[in-house]
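So you can see what is in the structure, the chains are spelled out below.
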Amino acid sequence: VTSAVDPIFAALADPTRRTVLTMVGDRGPLTATELAAELPVSRQAVMKHLDALRVAGLVDSTKAGRDVRYVLRAEALDDAARWIDQVGRTWDRRLAALQRRASTARR
Amino acid sequence: MRVTRDVVLTVGTEVAWELLTDPDELSTWLGELSPDGRLVEHDGTVRRLVVDHVDEGHQVGFVWWGDDGAASRVELTLDEHADGSRVTVTETPLTRASAAGGIRRLAVGSAWDGRLVDLELRSLLREPALV
């Protein structure tokens, strides 16, 4: 487990931010204005969420004329997926040992 | 976001509870747990562990973290099962800030040994990112 996933999980803790990330992932590149048009929050709020996602490395921004467009950085999600995978496999190993111990314990 | 696993044990919940909470039993499947909350797993991984929730015979919850400071919260839940008992484990990653906040909340809880919390706090706050 590396602390590199810390900001990722922190960024994903907010439900609106997860929605923003999903939209950017499904239909990006998108601007904050385009996102705000479909969400029950202000453009300023969307900007804040996008900034948190950018700091966590989950989205990238590119400037196209006056627009700033956001795209998903799938590599960052891979880090989170790797954490989940590694932690899951470690628990599989521990619980198998627990099961072996239980099979020799008094009933 | 969390990891969930479960396993069925061929022992009753009373014995299973001992397997989950007795340090001697923990050493048979998880690792060596010292009274100061230091856990050394069989693969050599060292973690600090603070128990923050106990529902006797049913559930134990703790926060643990390794040398890199990445903390997560673990819950072990015990339920009756036709073949004996079922253990469900969930592990949820915590951010550094929420881990420190959790430890601070523990510090004001009356159920916890203050000296142990002091120890954990000092260990956590050694990391500037947590201040």
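Rules behind the numbers
- Sequence order sets the numbering: in each chain, residues are counted from 1 along the sequence as written.
- For naming, the first written chain is A and the first written ligand is 1, with later ones following in the order written.
- Where totals are concerned, whole chains, interfaces and linings use all residues; where local detail is concerned, this predicted model gives features only for residues with pLDDT of at least 70, and gives and counts side-chain atom pairs only at 80 or more.
- Values reported for side chains reflect all heavy atoms of the structure, with hydrogen atoms and water molecules removed beforehand.
- Numbering of helices and strands starts at the N terminus; helices are DSSP runs of H or I of at least 4 residues and strands are runs of E of at least 2.
- Residue contacts follow a heavy-atom distance rule, with two residues in contact if any of their heavy atoms lie within 4.5 Å.
- Salt bridges are defined by distance alone: a side-chain nitrogen of Lys or Arg within 4 Å of a carboxyl oxygen of Asp or Glu.
- Polar contact is defined as a pair of N or O atoms within 3.5 Å, subject to the rule that within protein one atom must be able to donate a hydrogen and the other to accept it, and that residues adjacent in sequence are counted only when both atoms are side-chain atoms.
- Residue classes follow a fixed rule: Ala, Val, Leu, Ile, Met, Phe, Trp, Tyr, Cys and Pro count as nonpolar, while Asp, Glu, Lys and Arg count as charged, and any other residue, Gly among them, counts as polar.
- Pairing between two strands is assigned when DSSP locates at least 2 bridges connecting them.
- Here the axes come from fitting lines to C-alpha atoms, over the contacting stretch only for helices, and the angles between their N-to-C directions go from 0 to 180 degrees.

A.B. asks: Outline the overall build of chain B, supporting the account with residue identities and numerical values.
C.D. replies: Counting its regular elements, chain B contains four helices and seven strands. Sequence-ordered secondary structure for chain B, helices as α and strands as β, is β-α-α-β-β-β-β-β-β-α-α. For chain B, the share of sequence-separated contacts (at least 6 apart) that also reach a separation of at least 24 residues comes to 40%.

A.B. asks: Can you lay out the interface of chain B and chain A for me, pointing to particular residues and giving the numbers?
C.D. replies: Quite often, the size of an interface is put as the accessible area lost when its parts meet. If you look at the interface, chain B gives 34 residues, while chain A gives 26 residues. Close ionic contact of Arg94 of chain A with Glu41 of chain B constitutes a salt bridge, the shortest N to O distance being 2.8 Å. Viewed at the interface, chain A and chain B are joined by six residue pairs in polar contact (both at pLDDT 80 or more). Counting residues per element, the ones that place at least two in the side of chain B that touches chain A are strand S1 (3–9), helix H1 (13–21), helix H2 (23–29), strand S6 (71–81) and strand S7 (84–93) of chain B. If you tally residues by element for the side of chain B that touches chain A, the top one is S1 of chain B, at six residues. Class assignment of the residues belonging to the side of chain B that touches chain A gives a composition of 19 nonpolar, five polar and 10 charged.

A.B. asks: Provide a residue-level description of the sheet that holds S6 of chain B, including the pertinent values.
C.D. replies: Taken in spatial order, the seven strands of this open sheet run S1-S7-S6-S5-S4-S3-S2 (chain B), and their pairing is antiparallel. Strands at the two margins of the open sheet, each flanked by one partner only, are S1 and strand S2 (31–33) of chain B. Strand-to-strand, the axes of this sheet are offset by a mean angle of 25°, without reference to chain direction. The pairing of S1 of chain B with S7 of chain B spans seven bridges and is classified as antiparallel. Bridge pairing in S7 of chain B places Arg5 of chain B opposite Val89 of chain B. Where helix H5 (residues 74–104) of chain A meets the sheet, it contacts S1, strand S3 (38–41), strand S4 (46–55), strand S5 (59–65), S6 and S7 of chain B, and its direction lies at approximately 10° from that of S1 of chain B. Contacts from H1 of chain B reach S1, S4, S5, S6 and S7 of chain B within the one sheet, and its direction differs from that of S6 of chain B by about 165°.

Fair warning: the whole summary comes from geometry, so function is off the table for now.
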